[in-house]
Amino acid sequence: MINYIIKRILLMVPTFVVISMIIFVILNLAPGDPSAQAAADGTEAVSQDAQEAYRIFQEQFNLDKPILLNTRFRLTEEDVEEQVRTIVAFQRPVCADDELIEQIEEEQERAEEEATLAPAAAPEDEAGPVDEEMPEIADPADDDNCTPVEERPTTAEILSAQETLSDWGNYVVPELISIAQHHDQADIRHFAVNQLSSNTRRPILARSDPDPPPEIRDKNREISRENRVLRRWQVPIDEDEDAVVEMLEDNWIPWFEENRDRFEYSTGDKVGIFFLDTRFAKYWDNLNPFSLRPLRDDEDSLQSPLTIGAPDFGLSTVDRRPVMNTILEKLPYSLTLGFLAIFLAYIISVPIGIWSAYNQNTIKDQVVTVILFMLYSLPSFFTAVLLIEFLAVGRPFDFFPTGGFLADSARDMPILTQLRSVAWHIFLPIVCLTYGSLAALSRYARTGLLDVIRADYIRTARAKGLSESMVIMKHAVRNGMIPILTLMGTMLPFVVSGSLVIEYIFNIPGIGLYLYESIFMYDYNAIMGVLLISTVMTLVGILLSDISYAIVDPRITFD
Amino acid sequence: MTSQNDSTTTEPDDYQTYGEIVWGQFKKYRVSYYSLWGVFALFVLAMVCPVLAMNVPFYLYVPEGVGPEILQGTSYPWFVALFDQNFFNSGVDIFFNFLLFYVPFVFLVWFGLRGKLSPGDKSLYKKRRNIFIGVAMAVAAIGFMMLYGAEFRQPYVDYQALTELDDGVRALFPPLEHSYRNVNLMAVNEGPSWEHWLGTDREGRDVFTRILYGTRISLTIGIVAVGIYATIGMILGSLAGFFGGRTDAVILRLIEIMMCFPVIFLLLTIAGFIEEPSVFHIMLIIGFTGWTGIARLVRGEFLRLRNQDFVQAATALGLDRLRIIFGHVMPNAIQPVYVAATFGIAGAILIEATLAFLGVGPPDVPSWGQILTSGRNTQDMTMILASGFAIFLVISLFNLIGEGLRDATDPKMRK
């Protein structure tokens, strides 16, 4: 038995890893981007500071890393050049084309006319690198250094090229250096030099830790000093080629020679990067419960021994608080609702099941069965809305509050008053959660008892002259309730997921409602956290129900 | 033709196939039997929706000099609008409109052919009947694909405004002159009246019409989603059960993984992340997450059956494995799937209604859950009750059928 349990628990680990991987991939492949949510005004990051903030955000949530496997050490110069060329092609003037020139001249004339009509000129917009403005026209003679109209990249292509280049980060530094040295087009060399200063930047260690140990702090100081220096090694766009070459020769190449070992990867490094420098690996690194790091210091974190070494789900992208803290705050509400509902469902349905099995095929039995069956088919959100309308809103009654868990006025009251307030609030939600499982459970109880009641030993008990209540209660019920008891384990996940709709309708701040809100905020870490908690509960529930089989029924062994 | 003396192929007169036994048992559960008719009636209702409620006239006569030129003379716009993808922008609607003509046609052909299918010989008759059903379904699928793929579109005409011109325009409208999408800001949040039987919603759309067309959505989602997951479950379950060993271990692990997924959460997450969710997305999501139960059932049946004599006989005959699995074992293993699938339809409809209620479904589809939400937002009791009752009705019909089917397939319960 012990062996079996240990084996099952060990098997749970890979299952859990695979599930977390699938959820993770689904979330990360889904359209919509939390960093897009972070830039509240919906504009693209244009100024350098805004870009910097965007990158820090990306780094903080590991969004700059590939999802599952990292093959960036295999990037070649061609890959990098392709991205660079896309961006540079946009900055180049458009090749001269007679029709186009005419068209543009016409437009300019029209614009001038309009400008004279409306002298109050619109304020100049901040010209970003991706602004869709009218490209300047190259001199027809200068064929080499222009982009044909049809090859001019779209805004989306440039954005994605910029994004890709900066995501590649340190991995492409040697390639950029090589492009800056050897490429045959001047503006590409220029761009590569400027791109170097952002790609060589190193991320700060332990960013989310507000109080890092001194050695990390020193190291961070060093990194940011270097980052600042590297950032300055740029050549303004209007300077000529010599300045570029000079910058390269004076600063970049010596620096690169000095730090060359940072960009050369041994086979071991490559394997490590392949599996570990990914979003998923970083996520798991935080999640790993065996790392036993204390819970992040938050202003209102619960500093109890229980939370030490708890898995870290990362920060919420919405409120920048650790997701684990929020979940721990919200879990009690859901657990209260869920366990109360299951408890009540058992308390009510077992007697009903026994009673209707005892009165099998009578009118009474059929009436009860039909009523339970109707309850089973009644969607709980419909009932919840109806109950609120009839009993809470005041049409015609307002016995109950319309939502919430605890009245604000009762928050500082003595514990009994608080309990009364809670009971008052959760009465309707509990009703809605309970009635649906009643039908299923009592049916199980009924068939369980019916299976037993025809058994020989029951006949023996009756023949011995035992009273009917003794026969049913002591001999039949004990065996007949085995199937329904073992169901209890499988109802554990229901504690979390079953109450989502009810929490939503009654506005109870449990984790169902938290998940619902997080989905609409694209709060990946929060969604992952809730889904994983719920997965763990399902796994434990299944295990418990299997174990309870063996405990309740001695005929079943796992050996 | 079988000769009367050949006792190995002739069946005795009281011979009943397993399906006939189950059907005979099923008829004895009156409530379930009537529920089956209820579902059938719902299907007919879903098909005839446009006959009952649509804002396009069956028949239109516009005298010369009135309205746009193309409309002049006699026309039958209703028949055209049925397949117009500007008017019905969902494939579900086009499909049911197609069935509205196709199903009566099939029945006519069937009654015409029935005399020629040699009804005297039971087995031959059955074989030909099955061929007929197969051909009819294939034609339906191809016909619908072609119709939907043709992307027939027409400019929108406001026929109601045209008839109100009252210049000798004659038109015959369906009894309810509403479409489920027609926004009418002049009649917002109205109570029930003769014109709007269940009132109007926040955008002035007729609630009764929306609930009527919602039948189509619910039935389609239930049946297609369960069709998807029953197929997946049957294939994976049969492979696991038949081959055992490593295949079984891998598929079991897969089942365990899928079972541990918090399905309603997962559904909500995926549905929330799809940028423009459509009915088909919801079906696919439910279909790809729900197959574990059926896979386990089928696996269990296959484990029980794979060592039986008839399987060994088939193996000894040298039949290939796929044929043994799907031709010999599957027919014997499939009956618990029917029961599970019937309950599954009710479950899928409930899930869809829940998703729509939470606001993650497709926005302009007349889903009952969505009607319930908007009724809740506008405190409109008629909308809440009507849509909630519709969900309740369909779910209980399917649950009742499932209940009857479960008892009918259970030898212990045989009456």
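Residues numbered from 1 in each chain as written. Chains lettered and ligands numbered in written order. Predicted model: local features only at pLDDT ≥ 70, side-chain atom pairs only at ≥ 80, totals over all residues.

(A) Focus on the overall build of chain A. Across its full length, chain A carries 23 helices and zero strands. Put simply, chain A has 559 residues, and 31% of those count as buried. The contacts in chain A between residues at least 6 apart in sequence include a share of 74% that link residues at least 24 apart. (Helix = DSSP H or I, 4+ residues; strand = E, 2+ residues; numbered from the N terminus. Buried ≥ 20, exposed ≤ 12 C-beta atoms within 10 Å, placed from the backbone. Contact = placed C-beta atoms within 7 Å.)

(B) Spatial organisation of the interface of chain B and chain A. Tallying the contact residues gives 28 residues for chain B and 33 residues for chain A. The set of elements that each furnish at least two residues to the side of chain B that touches chain A consists of helix H8 (245-260), helix H9 (263-273), helix H14 (335-357), helix H15 (368-377) and helix H16 (381-409) of chain B. Tallying contributions element by element places H16(B) first for the side of chain B that touches chain A, with eight residues.

(C) Layout of the confidence of the model for chain A. All names here are of chain A. Summary statistics for chain A give a mean pLDDT of 77 and a share of 82% for residues scoring 70 or more. Considering each helix and strand of chain A separately, the mean pLDDT is smallest for helix H2 (residues 34-38), with a value of 50, and largest for helix H15 (residues 380-392), with 91. Scored below 50 in pLDDT, residues 37-45 makes twelve contacts in the model with residues more than four places away or belonging to other chains. In this model, residues 119-133 is a region of pLDDT below 50 whose contacts with residues beyond four sequence positions or in other chains number ten contacts. (pLDDT = per-residue confidence, 0-100.)

(D) Structural view of unusual backbone geometry. The phi dihedral of Asn361(A) is positive, around 65 degrees, even though this residue is not glycine. Among the secondary structure elements, Asn361(A) is positioned in the loop between helix H13 (323-358) and helix H14 (363-377). When the 8 C-beta atoms within 10 Å are taken as the criterion, Asn361(A) is described as exposed. With phi around 50 degrees, Glu151(B) is a residue other than glycine that occupies positive phi space. Turning to its location among the elements, Glu151(B) is positioned in the loop between helix H5 (122-149) and helix H6 (159-164).

(E) Quick peek at the pairing of strand S1 (residues 59-62) of chain B. All names here are of chain B. Across the two faces of S1 the burial differs, with Leu60 and Val62 buried and Tyr59 and Tyr61 not buried at all. Bridging between S1 and strand S3 (residues 170-172) involves three bridges; their strand directions are antiparallel. From the neighbouring strand, tyrosine 59 faces S3, where its bridge partner is leucine 172. Sheet topology note: the S1/strand S2 (residues 73-75) ladder contains three bridges and is antiparallel. The residue bridging valine 62 from the neighbouring strand is glycine 73, located in S2. (Pairing = 2+ DSSP bridges.)

(F) Here's a closer look at H5(B). Residue and element names in this part refer to chain B. Here H5 is 28 residues long and its end C-alpha atoms lie 40 Å apart, about the 40 Å a rise of 1.5 Å per residue gives. H5 sits mainly on the outside: zero of its 28 residues count as buried. With its phi angle positive at about 50 degrees, glutamate 151 sits one or two positions after the end of H5. (Expected span 1.5 Å × (residues − 1).)

(G) Structural view of the sheet that holds S2(B). All names here are of chain B. Taking strand neighbours across the sheet as the criterion, the three strands line up as S2-S1-S3 in an open arrangement whose pairing is antiparallel. Single-partner strands in this sheet number two, and they are S2 and S3. Each strand axis lies, on average, 10 degrees off the axis of its neighbour in the sheet, ignoring direction. (Axes fitted to C-alpha atoms, helices over the stretch in contact; angles between N-to-C directions.)

(H) Representation of the nonpolar core within the structure. Of all hydrophobic cores here, the largest spans 181 residues; its most connected members are Val530(A), Leu267(B), Leu268(B) and Ile294(B). Looking at this core element by element, the count peaks at 18 residues for helix H7 (residues 207-243) of chain B. Contacts of Leu268(B), omitting those with residues within four sequence positions, involve Tyr516(A), Ile519(A), Leu355(B), Leu358(B) and Val360(B). Ranked by size, the runner-up nonpolar core spans 27 residues in total, among them Ala161(A), Leu176(A), Ile177(A) and Val244(A). (Core = buried A, V, L, I, M, F, W, Y, C linked by C-beta atoms within 7 Å.)

(I) Up close: the packing of helix H4 (residues 91-113) of chain B against H5(B). All names here are of chain B. Their axes nearest at 10 Å, the elements H4 and H5 cross at an angle of 145 degrees. In terms of crossing hand, the pair formed by H4 and H5 is right-handed. Between H4 and H5, the residues in contact are Gly91, Ile94, Phe95, Phe98, Tyr102, Val106 and Trp110 and Phe132, Ala136, Ala140, Gly143, Phe144, Leu147 and Tyr148, respectively. In terms of residue class, the contact of H4 with H5 is made up of twelve nonpolar, two polar and no charged. (Left-handed = near helix turned anticlockwise from the far one by under 90°. Nonpolar A, V, L, I, M, F, W, Y, C, P; charged D, E, K, R; others polar.)

(J) Spatial organisation of the confidence of the model for chain B. Residues and elements named next belong to chain B. Per-residue confidence for chain B gives a mean pLDDT of 86; residues scoring 70 or more make up 96%. Under a pLDDT of 50 for its full length, residues 1-8 has, in the predicted model, three contacts with residues more than four places off or in other chains. For this predicted complex, the interface confidence reaches an ipTM of 0.89, while the overall pTM sits at 0.82.

(K) Examining the environment of Gly168(B) more closely. Residues and elements named next belong to chain B. Position of glycine 168 relative to the elements: it lies in the loop between H6 and S3. In sequence terms glycine 168 and methionine 259 are 91 residues apart; their C-alpha atoms lie 65 Å from each other. Leaving out residues up to four positions away in the same chain, glycine 168 has contacts with Pro63 and Val66.

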